[in-house]
Amino acid sequence: MKDYRKIAAALLLLATALPVAASAHPPIAAEAAAANFEQDRADILAMAGNYRVSFNMQESTRWDPDYEILEPKRSGGNEVVRVIEDTGRKIVLQHMLVITGDDDKSFVIKHWRQDWEYEPVKILAYSDRNSWAWEDVPERMRTGRWSQTVYQVDDSPRYAGWGQFETQGGIRRWRSSWTWRPLARRDAVRSPVYDRYLSINRHQPSPDGWIHWQDNIKMGTKDGKLVPIVQEYVLNTYIKYDQYDVKAADDYWAATKEYWAAVRAEWDRVAQAKGGIAIDEKADTGTVISGRLLEMADEVQQKKLTTAKAIAEAKKLIETNTRTL
């Protein structure tokens, strides 16, 4: 019995000598926030560049015993990320996929956009099917934190969360709050038993580029209540790489950036005027106006449509297809 007591005492002494991990999201002191601000900005800005991207998706644990887990999905491509706005406390990054066909001709697909805002008062968060509403960030959790709002290919909202940069295990990363997200196209087209995700996102710089890791609980409605269906892990890896037609992306953006700036501004105006964004979505395209908004950008680049006419039509489409929340 004495030996057991000695072992227990030794373990207790060892435990008290180890550092105690802080809680995940304690408030940040103003001094610490100021000291880390420039490093935070540098980590966000470092996500811009030319990359080879791999998208790795895997369902792991089923929470619904009747659910059949999908096989892991792997895909990838070449992606250009550009800083299109930087005011100091707000940084906007635009992603563009570059596809090279069998004829060696390249074409560009405008991909997702991420807006980073320092010490946000509110975020435009996914609230239910086809709707995104303004959500206050708790006042005590604003200091030193950044929100990340992700937008779909037509610049309509997709999801938003807030969080902080931290270093754990020698790795610096940004970790989001728990964030509601609509179905990705890859899931939506299958008409699954779940209809949204509850997620935590992490963005981490790496020696070769950066990674975006998602921890997704796929949620569905049963007996009038949202319940977990299956766990999914997504790891998107951005490796620095420029052995493709990077110029195609830059040319696309040079030709269409004025149009897309007006589209972003119109979505922002509607979100303020209507209490958020409410618009119908299709499983295979996103919003019901996504196809036309993207098509007009191509027509602007091809000089089939003037920028002014494209902007006028885009504004009308956004205004008439959104509802007041």
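Heads up: these notes are all about the structure in this document. What you are looking at is a predicted structure, and each value in this text was computed from that prediction instead of being measured.

Considerations on the overall build of the chain
Thought 1: Along the backbone of the chain there are six helices and 16 strands.
Thought 2: With 325 residues in all, the chain has 46% of them scored as buried.
Thought 3: When contacts within the chain are restricted to residue pairs at least 6 apart in sequence, those whose partners lie at least 24 apart make up 62%.
Thought 4: Split by element, the accessible area of the chain, about 16800 Å² in all, is 53% carbon and sulfur.

Let's talk about helix α6 (residues 307-321)
Thought 1: Here α6 is 15 residues long and its end C-alpha atoms lie 21 Å apart, about the 21 Å a rise of 1.5 Å per residue gives.
Thought 2: Listing the buried residues of α6 in full gives A310, I311, A314, L317 and I318. Along the axis of α6, the buried positions cluster into a sector of 130°, meaning they face one direction only. Facing away from the buried side of α6, by more than 90 degrees, are the exposed residues A308, K309, K316 and T320.
Thought 3: In the core, the buried residues of α6 are packed alongside α4 (246-273) and α5 (290-301).

As for the packing of aromatic side chains
Thought 1: Within the structure shown, the criterion is met by 13 aromatic pairs.
Thought 2: Look at Y118 and W146: their rings are 4.9 Å apart centre to centre, the planes differ by 55°, and that puts the pair in the tilted class. Here the residue Y118 occupies a position in strand β4 (residues 106-118), and W146 occupies one in strand β7 (residues 146-151), the gap between them amounting to 28 residues.
Thought 3: Among the aromatic residues, ring-to-ring pairing joins F37, Y118 and W146 into one connected group.

A short note on the packing of α4 against α5
Thought 1: Relative orientation of the contacting elements α4 and α5 amounts to 140°, with a least axis distance of 9 Å. Put simply, α4 runs oblique to α5. The hand of the α4/α5 crossing is right-handed. For the pair α4 and α5, the contacting residues are D251, Y252, A255, T256, Y259, W260 and W267 in the first and L293, L294, M296, A297, D298, V300 and Q301 in the second.
Thought 2: Counted by class, the contact of α4 with α5 contains ten nonpolar, two polar and two charged residues.

Some details on α4
Since the α-helix advances by 3.6 residues per turn, residues separated by three or four positions end up pointing in the same direction.
Thought 1: Between the first and last C-alpha of α4 there are 38 Å, a value that for 28 residues agrees with the 40 Å anticipated at 1.5 Å per step.
Thought 2: Approximately 60° is the largest bend angle found in α4, and it occurs at T256.
Thought 3: Downstream of α4 by a residue or two, G275 has a phi angle that is positive, lying close to 75°.

So, the environment of L325
Thought 1: As for its position among the elements, L325 is in the segment after α6.
Thought 2: Spatially, the C-alpha atoms of L325 and V108 are 34 Å apart, while their sequence positions differ by 217 residues.
Thought 3: If we skip the residues at most four places from it in the chain, L325 touches S131, W132, A133, K274, G275, G276, I277 and A278.

Comments concerning the pattern of salt bridges
Thought 1: Applying the stated criterion to the full structure yields 26 salt bridges.
Thought 2: Two residues, K247 and D251, come together in a salt bridge whose shortest N-O distance is 2.7 Å. Placement of the pair is K247 and D251 together in helix α4, with a separation of four residues, close to one helical turn.
Thought 3: The partly exposed category is assigned to D251, whose relative accessible area is 34%.
Thought 4: Between K274 and E319 there is a salt bridge, and its shortest N-O distance comes to 3.4 Å. You can see K274 sitting in the loop between α4 and β14 (276-278) and its partner E319 sitting in helix α6, a full 45 residues away along the chain.
Thought 5: Put simply, E59, R186, D187, R190, K218 and E232 are held in one network by salt bridges that share partners.

Topic: the sheet that holds β14
Thought 1: The strand order across the open sheet formed by three strands is β5-β6-β14, and the pairing between neighbours is antiparallel. Two strands lie at the open edges of the sheet, namely β5 (122-128) and β14, each paired on one side alone. The average undirected angle you get between the axes of adjacent strands in this sheet is 30°.
Thought 2: Where strand β6 (residues 131-136) and β14 come together, three bridges link them in antiparallel fashion. When the sheet's bridge partners are listed, S131 is paired in β14 with A278.
Thought 3: Sheet strands touched by α4: β5, β6 and β14. Its angle to β14, the strand with the most contacts, is close to 100°.

The rules behind these values
Residues numbered from 1 in each chain as written. Predicted model: local features only at pLDDT ≥ 70, side-chain atom pairs only at ≥ 80, totals over all residues. Heavy atoms only, no water. Helix = DSSP H or I, 4+ residues; strand = E, 2+ residues; numbered from the N terminus. Buried < 20%, exposed > 50% of the residue type's maximum accessible area, 1.4 Å probe, protein only. Contact = heavy atoms within 4.5 Å. Areas by Shrake-Rupley, 256 points an atom, 1.4 Å probe, with all protein chains shown as cover. Expected span 1.5 Å × (residues − 1). Arc of directions from axis to C-beta. Phe/Tyr/Trp six-rings, centres within 6.5 Å; stacked < 30°, edge-to-face > 60°. Axes fitted to C-alpha atoms, helices over the stretch in contact; angles between N-to-C directions. Parallel < 35°, antiparallel > 145°, perpendicular 65-115°, else oblique. Left-handed = near helix turned anticlockwise from the far one by under 90°. Nonpolar A, V, L, I, M, F, W, Y, C, P; charged D, E, K, R; others polar. Bend = angle between axes of the 7 residues up to and from the residue. Salt bridge = Lys/Arg side-chain N within 4 Å of Asp/Glu carboxyl O. Pairing = 2+ DSSP bridges.

Note that every value here comes from positions in space, so none of it alone points to a role or purpose.
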